Amino acid sequence: MGAAENTFKQKILSKKPGIITYGMTPPKASHAPEKVSEIAQKQVERLKNLDLDALILYDVQEEVDRVDHERPYPYLPTIDPAVYGDKYLRQVEVPKIIYRCVGNDTRAQFEDWVKTDENEDRFSVYVGASSSKQEVKLNLPEAYKLSKQLNNNLTFGGVVIPERHIKKNDEHIRVVEKTNSGCNFFITQATYNVEASKNLLSDLYYYYTNNGFEMVPILFNLAPCGTAKTLQFMKWLGISIPGWLENELKYSNDILDKSIQLSQKIFEELLDFGLEKGIPIGCSIESVSTSKLEIEASVQLVKDVKAILDKKLPSHESNITQSIM
């Protein structure tokens, strides 16, 4: 493995702030190989010069049981993210974080997947059922346990939903339990609700400090919103968008530019809150839309966030990759 991979793992395990990743969904499984190669090449060109710690590849579920409303964009199966990363995105020379919907796997299937490339550093985020109605073959606690037993070189993380903390006030306990089960980092869904995020961070911080533990990195996800339909899709996905912020977007002359400005402010506020307490805050950026404008805006947002991190963090932390390579 190269220095970049080792550095990313080191940042996670040493609980460094300032980790930055980019996330995307693989192309549709129905595409011809030539079309997949064409899409991949465009993605490589966009990403190869970005200063990323890792690239996230999502494992998309249909999620029909999660909400009653019709999905704004049709669900279509996508290429397996591990296959797509290995076969098509080798030129993006950063570690790949593979999302894995473990409920789709039998125990035997999951064990085989975990044991693949046992001698190489691998990274994953395990995703559970999208709703209590969804039937699963394997649950998250079983997946965590098997990973720890079968592959020490597979560093895995979990999903955290700050907005869920508003309703149930127990998201910090979920994070603690997942950390105790082996999760070394967490990634949120798209962040537009600062208050929910700060409430969670505060409860989590005081729980950990009162019990003498260090918090693991939490990467807040940012996703530009360029159209009313993207806004509708975000709400369908369960992303919490406060009423005032939704108005700011809907009635803006340039909804995409406004969402970028708001995303920057949101991340900077969360980063400041985390730095003050020593919480290792990072950032994950994506485009939930396939619109070229929104994808390009998300790529620009990576550069904007990197500038914020360079300004806020000591040079030895934000530029650790350059110093080691």
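All values derive from a computational prediction rather than experimental measurement.

Considering the overall build of the chain
Alright, step 1. Along its length, the chain carries 14 helices and 8 strands.
Alright, step 2. Of the contacts made within the chain by residues no fewer than 6 positions apart, 81% connect residues no fewer than 24 positions apart.
Alright, step 3. Within the structure as shown, the chain displays about 15,400 Å² of accessible surface, and the carbon and sulfur contribution to it stands at 47%.

Some points on the confidence of the model for the chain
Alright, step 1. On average, the chain scores 88 in pLDDT, and the residues at 70 or more come to 88%.
Alright, step 2. This stretch, residues 1–5, has a pLDDT under 50; its non-local contacts, to residues over four places away or in other chains, come to 8 contacts.

A look at helix α10 (residues 243–250)
Alright, step 1. Within α10, the full set of buried residues consists of Leu245, Glu246 and Leu249. The buried residues of α10 occupy an angular sector of 100 degrees when the element is viewed end-on, so they sit on one face.
Alright, step 2. On its buried side, α10 packs onto α9 (228–236) and α11 (255–277).

Some thoughts on the pattern of salt bridges
Alright, step 1. In total, this model carries 21 salt bridges according to the counting rule given.
Alright, step 2. Glu268 is paired through a salt bridge with Lys312; the nearest N and O atoms lie 3.2 Å apart. Residue Glu268 is found in helix α11, and its partner Lys312 is found in helix α12 (residues 292–312); the two are separated by 44 residues along the sequence.
Alright, step 3. Among the charged side chains, a network of salt bridges with common partners joins Arg164, Asp170, Glu171 and Arg174.

Focus: unusual backbone geometry
Alright, step 1. Backbone geometry places Lys15, a non-glycine residue, at a positive phi of 60 degrees.
Alright, step 2. Structurally, Lys15 can be placed in the loop between α1 (3–13) and β1 (20–24).

Regarding the environment of Lys87
Alright, step 1. Structurally, Lys87 can be placed in helix α3 (residues 81–88).
Alright, step 2. We classify Lys87 as exposed; its relative accessible area is 57%.
Alright, step 3. Note: C-alpha distance between Lys87 and Ser37 (50 residues apart in sequence) is 9.6 Å.

Details of the pairing of β1
Alright, step 1. For β1, a buried count of 5 out of 5 residues is recorded, marking the element as mostly surrounded by other parts of the structure.
Alright, step 2. Judged by which residues are buried, β1 turns out to be covered on both faces: Ile20, Tyr22 and Met24 on one side and Thr21 and Gly23 on the other are all buried.
Alright, step 3. Two strands pair when backbone bridges link them, and β1 and strand β8 (residues 281–286) are joined in this way by 4 bridges, in the parallel orientation. The partner of Thr21 across the bridge, within β8, is Ser284.
Alright, step 4. Examined bridge by bridge, β1 and strand β2 (residues 54–57) share 4 bridges and lie parallel to one another. Across the sheet, Met24 pairs through a bridge with Leu57, a residue of β2.
Alright, step 5. The β-α-β motif built from β1, the intervening helix α2 (residues 33–47) and the parallel element β2 has right-handed crossover chirality.

A closer look at the layout of surface pockets
Alright, step 1. The space that makes up the second largest pocket amounts to roughly 650 Å³.
Alright, step 2. Along the wall of the second largest pocket there are 21 residues; nearest its centre are Asp86, Lys96, Asp117, Glu120 and Arg122.
Alright, step 3. Secondary-structure elements contributing two or more residues to the lining of the second largest pocket are α3, β3 (96–101) and β4 (122–127).
Alright, step 4. Broken down by element, the residue count for the lining of the second largest pocket peaks at 4 residues, all from α3.

Each value, and the rule that gives it
- Residue positions within a chain follow its written sequence, with the count starting from 1.
- Only residues with pLDDT of at least 70 get local features here, since the model is predicted, and only at 80 or more are side-chain atom pairs given and counted; chain-wide, interface and lining totals rely on the full set of residues.
- Note that the side-chain values use all heavy atoms of the structure and ignore hydrogens as well as water.
- Starting at the N terminus, helices and strands are each numbered in turn, a helix being any DSSP run of H or I of at least four residues and a strand any DSSP run of E of at least two.
- Any two residues whose heavy atoms approach within 4.5 Å at even a single point are treated as in contact.
- Here the open area of atoms and residues is found with the Shrake-Rupley method and a 1.4 Å probe, where only the protein chains shown may cover a residue.
- Each residue gets a pLDDT score, which is the predictor's confidence in that residue and runs from 0 to 100.
- Any residue under 20% of the maximum accessible area for its type is buried, any over 50% is exposed, and the rest in between are partly exposed; the area is computed with a 1.4 Å probe on protein chains only.
- Of all possible arcs, the one meant is that of the directions from the helix axis to the C-beta atoms.
- One speaks of a salt bridge when a side-chain nitrogen belonging to Lys or Arg is within 4 Å of a carboxyl oxygen belonging to Asp or Glu.
- For two strands to be treated as a pair, DSSP must find at least two bridges joining them.
- Think of it like this: strands point away, you trace from the first strand over the helix to the second, and a clockwise trace means the crossover is right-handed.
- Only protein atoms enter the 1 Å grid used here. Points where a 1.4 Å probe fits but cannot escape make up a cavity, open sets with protein on both sides within 12 Å along at least five of seven lines make up a pocket, and a residue lines them when an atom lies within 4 Å of a point.
- Grid points are joined across faces, edges and corners, and a volume is the space filled by probe spheres set on the points.

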